[in-house]
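Chain by chain, the residues run as shown.
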Amino acid sequence: MTGIAQTETATPHVLPPLPYADDALDPVISANTLRYHHAKHHQGYVENLNKLIAGTPFAGLSLEKLITATTGQADKVAIFNNAAQAWNHSFYWRSLRPKGGGVPPAALKTMIEASFDNVDACRKELATAATTQFGSGWAWLVLDAGKLKVVKTGNAETPLTSGMTPLLTMDVWEHAYYLDYQNRRADYVNAVLDKLVNWGFATENLG
Ligand SMILES: [Fe+2]
């Protein structure tokens, strides 16, 4: 077994608890939004995945292994979508924290300055990626060949399948913000970047 497999729960996959209380991100993300997003949407992906893989050779594989084993395969798209959405959402919860935002830890700040000139330029690229992703998807800060980059992915797609190391993500599916912001995605994105983004989590993911 690899290190990744050892850290994963065996089938059935389970919904990880939120790393904070469901009202901890209020008012940027309300408790109502967080409860629906976690207990309905994220839970739904986990339940669908368990049904899809029960009794198949995919049962018992970690989310990461499921994602890499099914990416790009038309007949496995349902497994891919639910595994990737389960992984992406766990990563998203940890990309946020109460009283987030502010100045990144020194190790990350130095890398941001080498890749984007300064933290504000990185923040702007993240905001642009998040607001210009057409339809549902995700905006990411990633480590790619020793350099930091901002990328966006559609629907359930994840940078894991491109060999990049995700550092943090923002969910820009409408279910992430519609109850609080309706169609104003830019207001959600800017509030998250200013008040919730967890630079410490991104720093941990540098490895
Ligand atoms: Fe979501």
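Please read all numbers here as calculations on a predicted model, not as lab measurements.

Engineer: I'd love a proper account of the packing of helix α6 (residues 119-132) against helix α8 (residues 185-195), names of residues and values included.
Structural biologist: Orientation of α6 relative to α8, taken along the N-to-C sense of each, is 150°, at an axis distance of 10 Å. Our classification of the angle between α6 and α8 gives roughly antiparallel. Between α6 and α8 lies a crossing of right-handed hand. Here α6 contributes R123, L126, A127, A130 and T131 to the contact with α8, which in turn contributes R185, A186, V189, N190, L193 and D194. In the contact of α6 with α8, the residues fall into six nonpolar, two polar and three charged.

Engineer: So what's going on with the coordination of the iron ion? Residues and values would help.
Structural biologist: In the first shell of the iron ion, the protein supplies H37 (NE2), H89 (NE2), D171 (OD) and H175 (NE2), at 1.9 to 2.1 Å from the metal. If you look at the iron ion, its four donor atoms make angles of 91 to 128° with each other, and the shape they trace is tetrahedral. Every donor residue of the iron ion comes from the same chain, spaced as H-x51-H-x81-D-x3-H. Residue H89 is found in helix α4 (residues 77-94), and its partner D171 is found in strand β3 (residues 165-171); the two are separated by 82 residues along the sequence. With respect to class, H89 is no different from D171; both count as buried.

Engineer: Tell me what's going on with the confidence of the model for the protein, and back it up with residues and numbers.
Structural biologist: Averaged over every residue, the pLDDT of the protein is 94; the share at 70 or more is 95%. Note on residues 1-9: pLDDT is under 50 here. Beyond four places in sequence and across chains, it has eleven contacts.

Engineer: If you had to explain the pattern of salt bridges to someone new, which residues and values would you point to?
Structural biologist: Overall, the coordinates contain seven salt bridges when judged by the stated rule. Across the pair K124 and D120 runs a salt bridge, and its minimum N-O distance is 3.1 Å. Of this pair, K124 and D120 both sit in helix α6, four residues apart, roughly one helical turn. Across the pair K149 and D144 runs a salt bridge, and its minimum N-O distance is 2.5 Å. Taking relative accessible area as the criterion, K149 reaches 35% and is therefore assigned partly exposed.

Engineer: Which residues make up unusual backbone geometry, and what values go with them?
Structural biologist: Each neighbour pair has its own omega, and for D26 with P27 the value is 5°, a cis peptide bond. For P27, the location among the structural elements is in the loop between α1 (3-7) and α2 (31-53). The backbone phi angle of K99 is positive, close to 55°, even though this residue is not glycine. Structurally, the position occupied by K99 is in the loop between α4 and α5 (106-116). For A145, which is not glycine, the phi torsion reads 55° and is therefore positive. When you line up the elements, A145 lands in the loop between β1 (137-144) and β2 (147-154). Given a relative accessible area of 82%, A145 falls into the exposed group.

Engineer: So, the nonpolar core: which residues are in play, and what are the values?
Structural biologist: Within soluble globular proteins, side chains that are nonpolar tend to cluster in buried spots. If you look at the biggest cluster of nonpolar residues, it comprises 63 residues, and the most contacted ones within it are I29, L126, L141, L148 and Y188. With nine residues, the single largest contributor to this core is α4.

Engineer: Describe the environment of R184, listing the residues and the values that go with them.
Structural biologist: With respect to the helices, strands and loops of the structure, R184 is situated in the loop between α7 (178-181) and α8. C-alpha separation for the pair R184 and E174, spaced ten residues apart in sequence, amounts to 9.8 Å. At 3.1 Å, the side chain of R184 and the side chain of D187 are in polar contact.

Cut-off values and rules
Residues numbered from 1 in each chain as written. Predicted model: local features only at pLDDT ≥ 70, side-chain atom pairs only at ≥ 80, totals over all residues. Heavy atoms only, no water. Axes fitted to C-alpha atoms, helices over the stretch in contact; angles between N-to-C directions. Helix = DSSP H or I, 4+ residues; strand = E, 2+ residues; numbered from the N terminus. Parallel < 35°, antiparallel > 145°, perpendicular 65-115°, else oblique. Left-handed = near helix turned anticlockwise from the far one by under 90°. Contact = heavy atoms within 4.5 Å. Nonpolar A, V, L, I, M, F, W, Y, C, P; charged D, E, K, R; others polar. Donors = N, O, S within 2.8 Å, 3.2 Å for Na, K, Ca; no water. Tetrahedral: all angles 85-135°; square planar, octahedral: opposite > 155°, others 65-115°. Buried < 20%, exposed > 50% of the residue type's maximum accessible area, 1.4 Å probe, protein only. pLDDT = per-residue confidence, 0-100. Salt bridge = Lys/Arg side-chain N within 4 Å of Asp/Glu carboxyl O. Core = buried A, V, L, I, M, F, W, Y, C linked by side-chain atoms within 4.5 Å. Polar contact = N/O pair within 3.5 Å; in protein donor to acceptor, adjacent residues only side chain to side chain.

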